[in-house]
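# Inside the fold
Here is what each chain is made of, one letter per residue.
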Amino acid sequence: MLRGVEKVVEVQVRDNNIEQALRALKKKMQREGVYREMKLRRHFEKPSEKRAREQAEAVRRFRKLMRKRLDREGY
């Protein structure tokens, strides 16, 4: 995420239904990765740990992409 750039997450409350609005807000925050970001920022992460984590994430994304591709092509 870029520093200095803030994303505003908005949810409209309809018919004074706060519970529905909260569920929608939580879902949007989950999709935006806010919870994951908060979890990562709780403690300092050494640069070497960050590189290892990002590399592992890239490997997982690649493997998932390959699984989907193989399923689509019928192998």
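Note that this is a predicted model, so its numbers are computed, not measured.

## Quick look at the pattern of salt bridges
Overall, the coordinates contain 4 salt bridges when judged by the stated rule. Among the ionic pairs, Glu 57 bridges to Arg 36, the shortest N-O distance being 2.1 Å. A residue pair is termed long-range when its members are at least 10 positions apart, and Glu 57 in helix 3 (residues 47-73) and Arg 36 in helix 2 (residues 34-41) qualify at 21 residues. With a relative accessible area of 14%, Glu 57 lands in the buried category. On the basis of relative accessibility, which here comes to 47%, the residue Arg 36 falls in the partly exposed class. One salt bridge connects Glu 57 with Arg 53, and the closest N-O pair in it is separated by 3.1 Å. Here the residue Glu 57 and the residue Arg 53 both occupy positions in helix 3, the gap between them amounting to 4 residues, near one helical turn. Here Arg 53 falls in the partly exposed class, since its relative accessible area comes to 21%.

## Points about helix 3
Taking 1.5 Å of rise per residue, the 27 residues of helix 3 would be expected to cover 39 Å, and the 39 Å separating its terminal C-alpha atoms lies within 8% of that figure. Looking at the residues trailing helix 3, positive phi occurs at Gly 74, about 80°.

Thresholds, definitions, all that
- Residues numbered from 1 in each chain as written.
- Predicted model: local features only at pLDDT ≥ 70, side-chain atom pairs only at ≥ 80, totals over all residues.
- Heavy atoms only, no water.
- Salt bridge = Lys/Arg side-chain N within 4 Å of Asp/Glu carboxyl O.
- Helix = DSSP H or I, 4+ residues; strand = E, 2+ residues; numbered from the N terminus.
- Buried < 20%, exposed > 50% of the residue type's maximum accessible area, 1.4 Å probe, protein only.
- Expected span 1.5 Å × (residues − 1).

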